[in-house]
Amino acid sequence: MIKRLLSRLPVYALWALVSFFLWSFVFSFLTDTTPAKKLTVYISAEEVEDVELAARLEDGGLPDGIRMIKVHPFSYAMFSDSDLRSADLYVVKASEADGWRDSFRPLPDGLTGELDLGGGVQGIRVYDAAAGAGLFDDLIGYAAGSPAEDYYLFFGAESQHTEAGDGAALWLAERFLEGSR
C-alpha cells in the first residue's frame, strides 16, 4: 500500500501544484479590480508593510469610483513591468529616479518638488536621509539600504487617474503627503 502511494507521489504533487495556481487565480480575481477602480503606489524600498500602508491610506474613505488602494514594493513586478509602468504614484530613491524618468510626469499645479529631473518632472521629498525621518517611516524601510538616501514621490506618466480625468492620483498624493497622522 505504501509502495503504491509513493509511486503516485508525482501525480499528487502535480495536482497540488495545479490546485494552488487555480486557487491563487480565483483569490486574485475576487480580491482585485480594474486599474480604473484602484490607485496603485510602487515603492523602491526593500521593506514595505504594503497591506498596512494601503489600509492607512484608505482610512477615512476613498474618492468616488475608487474601490481600493494597492501598495507594492518594486520587487512585486519582478516578472512583468506592465503594472509597474502604469502606477499612479512612485516613491523612489534619489539614485534611481533618473532611471525611471520616462515613467514620471510633471507635478500637478499647486505642488512643488525638490528633485528636478528636467522636462518639468519633479519629485517631492518624502524621506530625508540626513534627518533620518520621513512619511510613513514606521511602514516603509527607507533606511534599510546602505548608504541611506533621500526618497521622492513622483506621479506616474501612464496613470489613469490624472487631473484631466478623475484626479484620484492627486488625492492619493495629498493623502500620502499628510504623513502617518
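That block above? That's the structure.
Scope of this entry: the structure provided in the associated data block.

Scoring rules and cut-offs
- Residues numbered from 1 in each chain as written.
- Predicted model: local features only at pLDDT ≥ 70, side-chain atom pairs only at ≥ 80, totals over all residues.
- Heavy atoms only, no water.
- Salt bridge = Lys/Arg side-chain N within 4 Å of Asp/Glu carboxyl O.
- Helix = DSSP H or I, 4+ residues; strand = E, 2+ residues; numbered from the N terminus.
- Buried < 20%, exposed > 50% of the residue type's maximum accessible area, 1.4 Å probe, protein only.
- Phe/Tyr/Trp six-rings, centres within 6.5 Å; stacked < 30°, edge-to-face > 60°.
- Core = buried A, V, L, I, M, F, W, Y, C linked by side-chain atoms within 4.5 Å.
- Contact = heavy atoms within 4.5 Å.

The final tally for this structure, using the stated rule, is 5 salt bridges. Its salt-bridge partner being Arg 56, residue Asp 138 comes within 2.7 Å of it at the nearest N-O pair. Here Asp 138, found in the loop between β7 (133-134) and β8 (151-156), pairs with Arg 56, found in helix α3 (residues 50-58); they are 82 residues apart in sequence, far enough to count as distant. In this structure, Lys 93 and Glu 96 form a salt bridge, with 3.9 Å as the shortest nitrogen-oxygen distance. By relative accessible area, Glu 96 is classed as partly exposed at 27%.

With that settled, consider the packing of aromatic side chains. Under the counting rule described, the total for this entry stands at 10 aromatic pairs. Feature note: the residues Tyr 42, Phe 74, Tyr 90, Trp 100, Phe 104 and Phe 154 constitute an aromatic cluster, connected by ring pairs.

In this section: the nonpolar core. In terms of nonpolar packing, the biggest core is built from 31 residues, with Ile 43, Leu 53, Val 71, Val 91 and Phe 176 touching the most fellow members. Within the residue set of this core, elements represented by two or more residues are β1 (38-43), α3, β2 (68-73), β3 (89-93), β6 (121-128), β8 and α6 (168-177). Examining the composition of this core, we find that 6 residues originate from one element, α6, more than from any other. Beyond its immediate sequence surroundings of up to four residues, Phe 176 is in contact with Leu 53, Leu 57, Val 91, Val 126, Leu 135, Phe 136, Ile 140, Tyr 142 and Leu 153.

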